[in-house]
Amino acid sequence: MKKDNYSEDIDLEIDEIVDKYYDAIHTTIFFLCNHSEIIAEDITQNVFMFLIQSWDKLDKSKTGAWLFEVARRKIYEYLRTENTQRGGKNVISSTAFDNPDIILQPTYDQYFNPNDATIERIKNEILDSLSYDERKLYDEFFVNGKSYEEIVELYSMPYSTLTTKMSRLKHKVDKRIKEKAFDLGLYGMLYIPFAIYLTMALYTKR
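Residues numbered from 1 in each chain as written. Predicted model: local features only at pLDDT ≥ 70, side-chain atom pairs only at ≥ 80, totals over all residues. Heavy atoms only, no water.

Peer 1: What am I meant to see in the packing of helix α4 (residues 117-128) against helix α7 (residues 159-184) here?
Peer 2: A pair of packed helices can be characterised by two numbers: the angle between their axes and the separation between those axes. The interhelical angle for the contact between α4 and α7, taken along N-to-C directions, is 135 degrees, at an axis separation of 10 Å. The angle between the axes of α4 and α7 places the two elements in the oblique class. α7 is crossed by α4, and the crossing has right-handed handedness. Residues Thr-118, Ile-122, Glu-125 and Ile-126 of α4 pack against Val-173, Arg-176, Ile-177, Lys-180 and Leu-184 of α7. Its residues assigned to classes, the contact of α4 with α7 comprises 5 nonpolar, 1 polar and 3 charged. (Axes fitted to C-alpha atoms, helices over the stretch in contact; angles between N-to-C directions. Helix = DSSP H or I, 4+ residues; strand = E, 2+ residues; numbered from the N terminus. Parallel < 35°, antiparallel > 145°, perpendicular 65-115°, else oblique. Left-handed = near helix turned anticlockwise from the far one by under 90°. Contact = heavy atoms within 4.5 Å. Nonpolar A, V, L, I, M, F, W, Y, C, P; charged D, E, K, R; others polar.)

Peer 1: Where do I start with the pattern of salt bridges in this structure?
Peer 2: Side chains bearing opposite charge may pair, as long as their charged atoms lie close to each other. One pass over the full model with this rule turns up 14 salt bridges. Arg-73 is paired through a salt bridge with Glu-69; the nearest N and O atoms lie 2.8 Å apart. One end of the pair, Arg-73, and the other, Glu-69, are both in helix α3 (residues 63-85), 4 residues apart, so they sit about a helical turn from each other. One network of salt bridges, in which partners are shared, links Glu-69, Arg-72 and Arg-73. (Salt bridge = Lys/Arg side-chain N within 4 Å of Asp/Glu carboxyl O.)

Structure below.
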């Protein structure tokens, strides 16, 4: 009986973590891996499967950072495989990376500090650039924690309309992230950690 209760507690904890981080990780992978929904879904599932497999060894106080590190490694694995299969050609948008060999180097952390106040400032600048309606939807989902079903009911809009609006919002944010990276001179290996940390800050549910 105790073992069953323990297992149920773990399942509940994992469900809460998935709910909090899934959209942020999925969105990060989607925009870094050629805007492919299939690839994003596959890698995201792998990230959370690894979470379940590693649960007993995981430092629960650092779950978010751990998940995004796993996501980063799996993004690199995907890019390395695609780069090899396509004869060394860059397989993702040149606006994000300028050298397919450089981005696979694992030493990027020394070039950008994820705890830099720049991340918080840029996050706020991007949110301030959203329209009133976009910011309202963003706040309802990521800040207030409402589900799509609750938002649809609250604003009396078709489900398909909401998914379209949210997709446009995310594409707009992705464009802003690229613009901010360009302004800061973050190219190649510097772009990946910047995009991951900023997307994490934007899309992790409060």
